[in-house]
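These are the residues of each chain, in order.
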Amino acid sequence: LIDLDVELPPPIDELDDEDSEEGKLKTRFHKVRERDPKKVKKKKDDFLKKHGKLYCEVCKFDFKREYGSRGDGFIECHHTKFLSDYDEPTKTKISDLILVCSNCHRMIHRKKPWLTIEGLKEIIN
């Protein structure tokens with residue numbers, strides 16, 4: 001049943017012309033778990049040495065091929081060991097890291113439980 005006393009929102013095209021204020025400054029404080037940037041650099045260096053280029057290990061996207069010099073050397077690094085699973089600092093090995101494009105990285109972390117690399121590969125293949 002539909003409640004006819006409920007006011008429906010305006011159609012989307014009417015909302016397009018409404019102004020909304022953006023750009024307010026906010027200060028936020030939160031804790032973050034530190035990652036070792038040297039591990040990420042080593043992963044990228046090792047991968048580049050082995051494969052001759054950086055590309056997503058899930059979908060094979062290559063930022064340099066797509067964006068030229070702007071994409072050269074760019075790739076995200078996903079940690080397969082989630083620090084949120086640990087109460088104390090833990091050791092990370094290069095084998096705990098995987099290079100991924102931004103889209104694949106977002107899909108892994110889109111919602112919990114987070115996807116495994118194998119789970120993401122199954123979805124896109």
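Here we summarise the structure given alongside this text.

Parameters and conventions
- Residues numbered from 1 in each chain as written.
- Predicted model: local features only at pLDDT ≥ 70, side-chain atom pairs only at ≥ 80, totals over all residues.
- Heavy atoms only, no water.
- Buried < 20%, exposed > 50% of the residue type's maximum accessible area, 1.4 Å probe, protein only.
- Helix = DSSP H or I, 4+ residues; strand = E, 2+ residues; numbered from the N terminus.
- Pairing = 2+ DSSP bridges.
- Core = buried A, V, L, I, M, F, W, Y, C linked by side-chain atoms within 4.5 Å.
- Contact = heavy atoms within 4.5 Å.
- Disulfide = S-S within 2.5 Å.
- 1 Å grid on protein atoms, 1.4 Å probe; cavity = no way out; pocket = protein on both sides within 12 Å on 5 of 7 lines; lining within 4 Å.
- Points joined across faces, edges and corners; volume = space filled by probe spheres on them.
- Nonpolar A, V, L, I, M, F, W, Y, C, P; charged D, E, K, R; others polar.

Burial of the side chains of strand β2 (residues 97-100) extends over both faces: Leu-97 and Leu-99 are buried on one face and Ile-98 and Val-100 on the other. Of the strand pairs in this sheet, strand β1 (residues 76-79) and β2 are connected by 4 bridges, and their pairing is antiparallel. Residue pairing in the sheet places Glu-76 in a bridge with Val-100 of β2.

What follows concerns the nonpolar core. Counting 18 residues, the largest nonpolar core has Cys-56, Val-58, Leu-99, Val-100 and Cys-104 as the members making the most contacts within it. Breaking this core down by element, the ones donating at least two residues are α2 (37-51), β2, α4 (102-108) and α5 (117-124). Considering each element in turn, this core owes the most residues, 4 residues, to β2. Cys-56 has contacts with Phe-61, Ile-75, Leu-99, Val-100, Cys-101 and Cys-104, leaving out every residue within four places of it along the chain.

In this section: the state of the cysteines. The final tally for this structure, using the stated rule, is 0 disulfides. Distance from the sulfur of Cys-77, which forms no disulfide, to the nearest cysteine sulfur (Cys-56) is 11 Å.

Let us now look at the layout of surface pockets. Volume-wise, the largest pocket comes out at about 260 Å³. Taken together, Arg-33, Glu-34, Arg-35, Asp-36, Lys-39, His-79, Leu-83, Tyr-86, Glu-88, Pro-89, Thr-90 and Thr-92 form the lining of the largest pocket. Taken together, the residues of the lining of the largest pocket break down into 3 nonpolar, 3 polar and 6 charged. In this structure, the second largest pocket occupies an estimated 170 Å³ of space. If you trace the second largest pocket, you find it lined by Arg-33, Arg-35, Cys-77, His-78, His-79, Lys-81, Phe-82, Leu-83, Ser-84, His-105, His-109 and Trp-114. Ranked by residue count, the leading element in the lining of the second largest pocket is β1, at 3 residues. Split into classes, the residues belonging to the lining of the second largest pocket amount to 4 nonpolar, 5 polar and 3 charged.

All we've got here are geometric facts, nothing functional implied.
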